[in-house]
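# Results of the structural survey
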Amino acid sequence: MRLALSIAIITACTIVQAFAATDADAILKRAFDNYRAGSSQTTVTMTVHRPDWERYLEMKAWTRGEDDALVRFLAPAQDAGNATLKLGRDSWVFNPKLNQVIKLPASMMTQSWMGSDFSYNDLSKSEDLITEYTHRVLTTEQTGGHTVWTIEAVPKPGAPVVWGKVALKIRDDYVMIEETFFDQDMKPARRMQTDKIGILGDRTYPVTMTMHPLDTPNQWTRIDTSDGRFNANVPDYLFTLSNLQNPRQ
Amino acid sequence: MLAALAWRNLWRRPQRTVLSLLSIALVTALLVFMLSFQMGVYATMMESTLRIIDGYAQFQPEGYAADPSLDRTIGHPARLVRAAIAIEGVTTAAPRVNAFAILANGERSYGAAVVGVDPASEQKISSIAAMVHDGRYLNATDRDTAILGDILARNLKLVVGGRVTLLGAARDGSVAADVLRVVGIYRSGIPELDRSILEMPLSRAQDTFAMDGRANTIALGGPSLGSVNGALPALGALGRRYGVAVLDWGAMEPALRDALALKIATSMLLYLTLVVIVAFIILNTLLMSVLERTREFGTLLAIGMRPRLIGQMVWLELLGLALLGCAIGFAIGAGATLWFEHQGIVYPGMGKLLAQFGLPPRLYPTLTPLSALIGPGAILLSIAIGGIVPYLRVARLTAASAMRAA
């Protein structure tokens, strides 16, 4: 009897889960929520790998809601103090050598951010994936005791985006496993992979992620998140131009 | 003997011969002039396009053309520069750093190409130095200076004496930042250029973008495009020794190369039509004269002239006509070309359009052996070949039937 009941409960759960799984929008939103939360404060190391050199950057990042972000570089010494502020669709950079805040022109948004394989667009348009694309679950598979959904995101007609489509793999605890960006010819152009999943703050988190441009082998950018606090109180003054130039902390 | 006969035969009908001569001469003159004009304009077009910034050829790191990133570099550019100008036909080699940066002035910011140049050699290769209309070009003692296009300057609200901020990525991925003093503003009339390029001294660019004394490209110049094209094999060998690629003008400006090839192909079709038409007119006329003279040829055969000789005589008539016509046409065409080579040709109201292609408002034809001889050569050849038809016709004649012909 007990057994039958638990089987029934498990079955019910599975059905509910399967039901939820079909709602690709919800999965994606929850994965983004898991990654960014209502607000976040993280410490991140970025490794930029090139065939003949490798570079490490250490930074502290704050996010507020879906649109606002502040990233401040701590190391290496020559780049320490550089900062990027993103409010809505606009981005500014602060350079301590120039002691000047510069607004990023739209034409620069596709340029590499700090020499990495990420563009400024990656920083500022991350929520585009939710708002400018339509999503559907392609496959549902079981690996390592987890359900993994593969979601295909296709741009809505006329959406101002650069990708032909994006394929995402998301685990049932809403951790992003893999993100593949296809160009307009539907050829895979770059792939972000989660290399390590761990506990960060109050959640399961993709602590190590690597971006591989697929046309240039032996070139990648890895992001290791070493410290994170989520949904904590992030003061509003952080996301202002004056704080970008004269940090209060 | 045969030639003299043929010559006399031609002038038995002076009116017809003169008309034939005129048509050959007209087409020949037209071909000589049109080809010279076209080649002259294309050469000007190529040279003035290449002279804006590309140079007549370039040294580039392998793979740079496909992916021009800052970290594809040429080490020890000075050594390669010295070796390149030692090659006959190459007189200047200008090393460059080609970076990309945000340019800012106060609230305003725009993305632009930042080119680090060696002012002395750059002036000999690129016409941008000559297009500075406000202020001056960079000079050898400059450090923290810059020149930029007038649209870019207007967008950034910059004037000569103002300061422009640069922010970009250096070769090693670090942040490249600099503040430069604007000493000059250029206007090329080509909007893409005037809104997108800032030039600064090479050594400063090498420091700002962590180039460690390296360059991205070396632009090559010489007295003419032809002389640098002639030096390409030697440049190629030099490039292989240093592990860099040499790009000729077509590789740097593939769109221009393809556009010119297409234009040449379509105009060749037109010229070919002209040649074929004139050849048919002349052949038709001669065939008429052969038919008219069938009885006369019969008589010649009857008194013992071999058919082949008569055929040759007819063929010589044709050839004489063509030669004379071509000579007259060549004289007229070459004369007109030479005259316009000095005068130039102005299309009224086309100045702006021509400037878009980097062309001066006054265009000059160039008489070259190729442009002068290709037209007359084609006409002579096609008439000479076409002459086989009357030759065969005459050679088949027999005395009896020919004399009985109407």
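Residues numbered from 1 in each chain as written. Chains lettered and ligands numbered in written order. Predicted model: local features only at pLDDT ≥ 70, side-chain atom pairs only at ≥ 80, totals over all residues.

### Quick look at the overall build of chain A
Using the following cut-off: Secondary structure elements are taken from DSSP: a helix is a run of H or I of four residues or more, a strand is a run of E of two residues or more, and numbering for both begins at the N terminus. For every residue, the other C-beta atoms within 10 Å of its own C-beta are counted; 20 or more classify it as buried, 12 or fewer as exposed, and values in between as partly exposed. C-beta atoms are placed from the backbone. A pair of residues counts as a contact when their C-beta atoms, built from backbone coordinates, are within 7 Å of each other.
Tallying secondary structure elements over chain A gives five helices and 13 strands in all. Considering chain A as a whole, with its 249 residues, one finds that 29% of them fall into the buried category. For chain A, the share of sequence-separated contacts (at least 6 apart) that also reach a separation of at least 24 residues comes to 40%.

### With respect to the overall build of chain B
The secondary structure content of chain B amounts to 17 helices and twelve strands. Residues classed as buried in chain B amount to 43% of the 406 residues present. Across chain B, every contact between residues at least 6 apart in sequence was considered, and the portion connecting residues at least 24 apart equals 82%.

### Structural notes on unusual backbone geometry
Residue and element names in this part refer to chain A. Cis geometry is adopted by the peptide bond preceding Pro76, which originates at Ala75 and carries an omega value of 0°. Following the sequence through the fold, Pro76 ends up in the loop between strand E3 (68-75) and strand E4 (83-87). At Tyr174, a position not held by glycine, the phi torsion is positive, near 65°. By the element assignment, Tyr174 lies in the loop between strand E9 (165-171) and strand E10 (176-182). Non-glycine residue Asn218 carries a positive phi angle of around 65°. Relative to the helices and strands, Asn218 resides in the loop between strand E12 (203-213) and strand E13 (220-230).

### Quick word on the pairing of strand E9 (residues 217-221) of chain B
Residues and elements named next belong to chain B. Spelled out, the test is: Two strands pair under a simple rule: DSSP has to find at least two bridges between them.
Taken across its five residues, E9 has five buried, putting it largely inside the fold. Residues Thr217, Ala219 and Gly221 line one face of E9 and the alternating positions Ile218 and Leu220 line the opposite face, and both faces are buried. The pairing of strand E1 (residues 57-61) with E9 spans three bridges and is classified as antiparallel. When the bridges of E9 are listed, Phe59 appears paired with Ile218.

### Describing the interface of chain A and chain B
This is how it is decided: Under the scheme applied here, ten amino acids are nonpolar (Ala, Val, Leu, Ile, Met, Phe, Trp, Tyr, Cys and Pro), four are charged (Asp, Glu, Lys and Arg), and all others, including Gly, are polar.
Listed by partner, the interface residues are 20 residues for chain A and 16 residues for chain B. Put simply, the parts of the chain that give the side of chain A that touches chain B at least two residues each are strand E2 (53-64), strand E5 (90-95) and strand E6 (100-103) of chain A. Per element, the largest residue contribution to the side of chain A that touches chain B is three residues, and it comes from E6 of chain A. Classifying every residue of the side of chain A that touches chain B gives eight nonpolar, eight polar and four charged.

### So, the domain arrangement of chain B
It is common to give the size of an interface as the accessible area lost on bringing the parts into contact. Definition in use: Delimitation of the domains relies on an automatic or database domain assignment.
Partitioning chain B into domains gives domain 1 (2-49 + 256-404) and domain 2 (57-223). Of note, the centres of domain 1 of chain B and domain 2 of chain B, computed from C-alpha atoms alone, are 51 Å apart.

### A word on helix H2 (residues 24-36) of chain A
Note the threshold: Helix span, expected: 1.5 Å multiplied by one less than the number of residues in the helix.
Its 13 residues place the ends of H2 of chain A 18 Å apart at the C-alpha level, agreeing with the 18 Å of an ideal helix rising 1.5 Å per residue. At the C-terminal side of H2 of chain A, Ala37 of chain A shows a positive phi close to 60°.

### As for helix H16 (residues 388-395) of chain B
Quick reminder of the rule: This arc is taken over the directions from the axis of the helix to the C-beta atoms.
Listed in full, the buried residues belonging to H16 of chain B are Pro390, Tyr391 and Val394 of chain B. In a view along the axis of H16 of chain B, the buried residues occupy a sector of 105°, so they form one face of it.

### Looking at the environment of Asn139 of chain B
Residue and element names in this part refer to chain B. The topology assignment puts Asn139 in the loop between strand E4 (132-135) and strand E5 (145-149). The partly exposed category is assigned to Asn139, around which 13 C-beta atoms lie within 10 Å. Placed 29 residues apart in sequence, Asn139 and Tyr110 show a C-alpha to C-alpha distance of 25 Å.

### Considerations on the confidence of the model for chain A
Detailed conclusions should not be drawn from predicted coordinates in areas where pLDDT is low. Threshold: pLDDT expresses, on a scale from 0 to 100, how confident the predictor is about each individual residue.
The predicted model of chain A has a mean per-residue pLDDT of 84, with 89% of residues at 70 or higher. In the predicted structure, residues 16-21 of chain A sits below a pLDDT of 50 and forms five contacts with residues beyond four places in sequence or in another chain.

### Quick notes on the environment of Pro77 of chain B
All names here are of chain B. When you line up the elements, Pro77 lands in helix H3 (residues 77-85). Judged by C-beta crowding, with 28 C-beta atoms within 10 Å, Pro77 ranks as buried. Sequence separation of Pro77 and Gly213 is 136 residues, and the distance between their C-alpha atoms is 8.0 Å. Residues in contact with Pro77, not counting those within four places in the same chain, are Pro95, Arg214, Ala215 and Ile218.

### A closer look at the pairing of E6 of chain A
Residues in a regular strand point their side chains to alternate faces of the sheet. All names here are of chain A. Sheet analysis places E5 next to E6, joined by four bridges and oriented antiparallel. Opposite Trp92, over in E6, you have Lys103 as the bridge partner. A loop of four residues connects E5 with E6, the two strands running antiparallel in sequence, and Asn99 in this loop sits at a positive phi of about 50°.

### Some thoughts on the confidence of the model for chain B
Of all residues in chain B, 99% have pLDDT values of 70 or greater, and the mean over the chain is 89. The complex prediction reports pTM at 0.75, with the ipTM value standing at 0.74.

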